[in-house]
There are 2 protein chains.
Amino acid sequence: MRTSQPLPLYKKLIDDLKTLIDQGTYKKGELLPSENELCKSYGTTRPTVRQALTELINTGYIVRQQGKGSIVAEPKKGLGILSVSGFTAGIGDKNLKTEILEKPQKRTWDNNFFYELTDEELKAGSIYFTRLRYINNLPVLFEETFITNIQLPRFTTRNLEDNSLFNTLSKYYQVEIKEGEQKIWAIGADKKISKMLNLKQGSPIVHMKRKLKTNIRNLNIYSWLYCNTEEYYLHDNF
Amino acid sequence: MRTSQPLPLYKKLIDDLKTLIDQGTYKKGELLPSENELCKSYGTTRPTVRQALTELINTGYIVRQQGKGSIVAEPKKGLGILSVSGFTAGIGDKNLKTEILEKPQKRTWDNNFFYELTDEELKAGSIYFTRLRYINNLPVLFEETFITNIQLPRFTTRNLEDNSLFNTLSKYYQVEIKEGEQKIWAIGADKKISKMLNLKQGSPIVHMKRKLKTNIRNLNIYSWLYCNTEEYYLHDNF
DNA sequence: AAGTGAAACTTGTATATACAAGTTATTAAT
DNA sequence: ATTAATAACTTGTATATACAAGTTTCACTT
């Protein structure tokens with residue numbers, strides 16, 4: 001077992017500032033502490049602080065204005081993060097529930113996996129789990145997820161229940177989504193899916209296959225989605 | 001008239017390297033000159049060179065690998081460009097056809113337009129047209145498009161037949177897609193759509209509503225899509 | 001009271017340097 | 001010839017500093 005190496009200072013700064021913005025300590029439109037103030041707080045120098053702030057700009061957390069400061073921006077949803085929404089106003093977090101059907105487990109890749117895999121991915125194997133998402137206790141989205149099992153110690157013991165896959169990857173493993181692709185079909189629900197999503201067999205559902213690439217080489221996230229869009233819809237940004 | 005101020009050195013570096021990559025002088029998978037070599041070429045130091053390279057990473061031109069170098073990346077497809085694909089190998093351009101059903105025409109916005117519009121957009125009005133796309137003479141995708149009528153002189157006379165909306169906007173109007181969002185449903189084809197897509201009424205089809213933002217303020221592209229995914233599927237990158 | 005200007009902030013650009021850590025090529029030992 | 005150690009590269013992180021340029025504040029002048 002390896003002792004966990006300390007996070008570089010600028011990454012600690014990124015984490016801290018993201019957390020403070022996410023928590024609402026620094027609100028949209030407000031100014032962050034100036035670069036020199038952050039230097040003093042962290043006992044470092046401007047290039048290091050600026051390295052962190054540049055990252056926050058690129059992830060949409062802040063904008064910088066010369067002479068003024070770093071302004072907290074509209075909280076941008078993560079690249080490729082899919083959400084389920086509806087027209088009914090007020091779908092708060094309380095009405096969302098995520099159930100783990102099959103807990104994260106190590107698994108080898110299928111021989112005829114839909115996407116092409118690199119040798120490193122094949123060697124590393126995958127972590128597989130399935131989830132079912134509810135809105136107002138209505139099952140809406142069934143999701144199968146495969147994650148390349150690279151640099152993810154103890155991942156199978158993590159709790160992924162409330163929409164926290166991307167948060168977990170970011171917080172504990174410094175994994176960030178960089179880009180992705182998706183393929184989309186409309187299909188009629190088969191017996192298994194229709195039962196799970198509480199639909200009549202043959203009802204139109206959205207099926208997606210997605211590949212999300214991360215900042216870690218060969219660490220990709222694959223997911224197959226099946227979504228009931230009678231009451232709600234799938235939504236994403238790019 | 002103001003004399004143009006000299007470009008900062010790191011921006012000149014960005015421009016130069018982008019040009020060399022676009023021109024193919026540095027090809028995909030190849031290494032750029034090392035940071036120290038660039039320092040010598042430009043008579044500067046590593047922090048400045050790294051500032052430029054970091055920007056190239058964020059725009060997808062390169063990836064950096066510690067100990068190895070800066071690797072020219074896959075030329076990234078345009079943001080938000082949707083394509084229709086199939087498993088059948090060899091869907092060449094020859095098998096693709098786009099038919100303009102309703103030619104581009106100026107039009108005021110609907111009172112209850114699906115997306116919220118700015119005052120400037122409302123004032124400018126829209127350009128509206130519909131297209132039907134075929135693969136191997138099979139109608140696959142029906143698309144309604146609304147573009148904010150800002151800085152688009154003579155647009156209604158342009159030919160948009162072969163997948164060239166984004167090319168036209170880029171080439172003649174310097175309009176580039178910056179980001180976007182989409183909402184996705186699976187629905188049963190109604191009478192009109194089923195007829196157009198040569199389907200049985202009620203067959204599952206993909207319906208999407210998309211908003212694409214551009215580098216021009218208030219110039220957005222909205223489109224409603226209806227896609228037959230029995231033989232092919234929708235594909236996009238982000 | 002209104003306007004001017006300087007001071008004191010802010011971020012933007014840049015130099016110079018140092019050591020850590022990962023990769024590749026070379027050299028030396030077996 | 002193969003292997004192992006080493007040297008020579010590469011990028012990653014960090015310090016310390018300087019001046020340019022944009023914004024805000026406030027005291028001073030009118």
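Residues numbered from 1 in each chain as written. Chains lettered and ligands numbered in written order. Predicted model: local features only at pLDDT ≥ 70, side-chain atom pairs only at ≥ 80, totals over all residues. Heavy atoms only, no water.

Trainee: Can you help me understand the domain arrangement of chain A in this one?
Mentor: When the parts of a complex come together, some accessible area is lost, and that lost area is often used as the size of the interface. Taken as a whole, chain A is organised into domain 1 (9-72) and domain 2 (83-235). Each of domain 1 of chain A and domain 2 of chain A was reduced to a C-alpha centroid, and the two centroids are 32 Å apart. (Domains from an automatic or database assignment.)

Trainee: Got a minute to help me understand the protein's contact with DNA strand D in this structure?
Mentor: Close contacts around DNA strand D come from 25 residues, with L9, Y10 and T44 of chain A together with R50 and R64 of chain B the closest. Between DNA strand D and the protein, one listed contact pairs a base nitrogen with a side-chain N or O atom of Q66 of chain A at 3.3 Å. Take S34 of chain B: an N or O atom from its side chain is 2.9 Å from a phosphate oxygen of DNA strand D. At the level of elements, helix 1 (9-23) and helix 3 (46-58) of chain A together with helix 3 (46-58), strand 1 (62-65) and strand 2 (69-72) of chain B are the ones that each hand at least two residues to the surface near DNA strand D. Tallying contributions element by element places helix 3 of chain A first for the surface near DNA strand D, with four residues. Class assignment for the residues of the surface near DNA strand D results in four nonpolar, 14 polar and seven charged. (Near = heavy atom within 4 Å. Polar contact = N/O pair within 3.5 Å; in protein donor to acceptor, adjacent residues only side chain to side chain. Helix = DSSP H or I, 4+ residues; strand = E, 2+ residues; numbered from the N terminus. Nonpolar A, V, L, I, M, F, W, Y, C, P; charged D, E, K, R; others polar.)

Trainee: Explain the nonpolar core to me, please; I cannot follow it from the model alone.
Mentor: Note that soluble globular proteins tend to have their nonpolar side chains buried in a common cluster. One finds F155 of chain A together with F155 of chain B to be the most contacted residues of the largest nonpolar core, which totals 35 residues. Sorting the residues of this core by element identifies strand 5 (126-135) and helix 5 (165-173) of chain A together with strand 5 (126-135) and helix 5 (165-173) of chain B as the ones contributing at least two each. Excluding its chain neighbours within four sequence positions, the residues that come into contact with F155 of chain A are I127, F129, I147, L160, L165, T168, L169 and Y173 of chain A. In this structure, I184 of chain A together with M208, L225 and L234 of chain B belong to the second largest nonpolar core, which totals 26 residues. (Core = buried A, V, L, I, M, F, W, Y, C linked by side-chain atoms within 4.5 Å. Buried < 20%, exposed > 50% of the residue type's maximum accessible area, 1.4 Å probe, protein only. Contact = heavy atoms within 4.5 Å.)

Trainee: Any chance you could explain the protein's contact with DNA strand C here in plain terms?
Mentor: Residues in contact with DNA strand C amount to 25 residues; listed here are only the nearest, S34 and R64 of chain A together with L9, Y10 and T44 of chain B. A breakdown of the atoms of DNA strand C within 4 Å of the protein gives sugar and phosphate a share of 71%. Side-chain polar atom of R50 of chain A to a phosphate oxygen of DNA strand C: 2.8 Å apart, as the coordinates give it. Interatomic distance of 2.8 Å between a side-chain N/O atom of R64 of chain A and a phosphate oxygen of DNA strand C. Ranked by residues supplied to the surface near DNA strand C, first place goes to helix 3 of chain B with four residues. Residue classes in the surface near DNA strand C are distributed as four nonpolar, 14 polar and seven charged.

Trainee: Mind showing me how you'd approach the interface of chain A and chain B here?
Mentor: With 31 residues of chain A at the interface, the matching set in chain B holds 32 residues. A combined buried area of about 2,700 Å² lies between chain A and chain B, and 61% of that area is made up of carbon and sulfur atoms. At the surface where chain A touches chain B, the tally comes to zero salt bridges. Of all the secondary-structure elements, those providing two or more residues to the side of chain A that touches chain B are strand 7 (177-188), strand 8 (204-214) and strand 10 (232-237) of chain A. Looking at the side of chain A that touches chain B, its residues break down into 16 nonpolar, eight polar and seven charged. (Buried area = accessible area lost by both parts, 1.4 Å probe. Salt bridge = Lys/Arg side-chain N within 4 Å of Asp/Glu carboxyl O.)

Trainee: Whenever I open this one, the pairing of strand 1 (residues 62-65) of chain A confuses me. Can you help?
Mentor: A regular strand places its side chains on the two faces of the sheet in alternate fashion. Residue and element names in this part refer to chain A. Across four bridges, the pairing between strand 1 and strand 2 (residues 69-72) is antiparallel. Bridge assignment links Q65 to a residue of strand 2, and that residue is G69. Here strand 1 folds back onto strand 2 in antiparallel fashion, the turn holding three residues, of which G67 has a positive phi close to 85°. (Pairing = 2+ DSSP bridges.)

Trainee: Sorry if this is basic, but what is going on with helix 2 (residues 35-42) of chain A here?
Mentor: Note that an α-helix has 3.6 residues per turn; residues three or four places apart therefore point the same way. Residues and elements named next belong to chain A. Turning to helix 2, its buried residues are E35, L38 and C39. Relative to the axis of helix 2, the buried residues are bounded by an arc of 105° and lie together on one face. Helix 2 presents K40 and S41 as exposed residues on the side facing more than 90 degrees away from its buried surface. Buried residues along helix 2 sit in contact with helix 1, helix 3 and strand 1. Directly after helix 2, the chain includes G43, whose backbone phi takes a positive value near 60°. (Arc of directions from axis to C-beta.)

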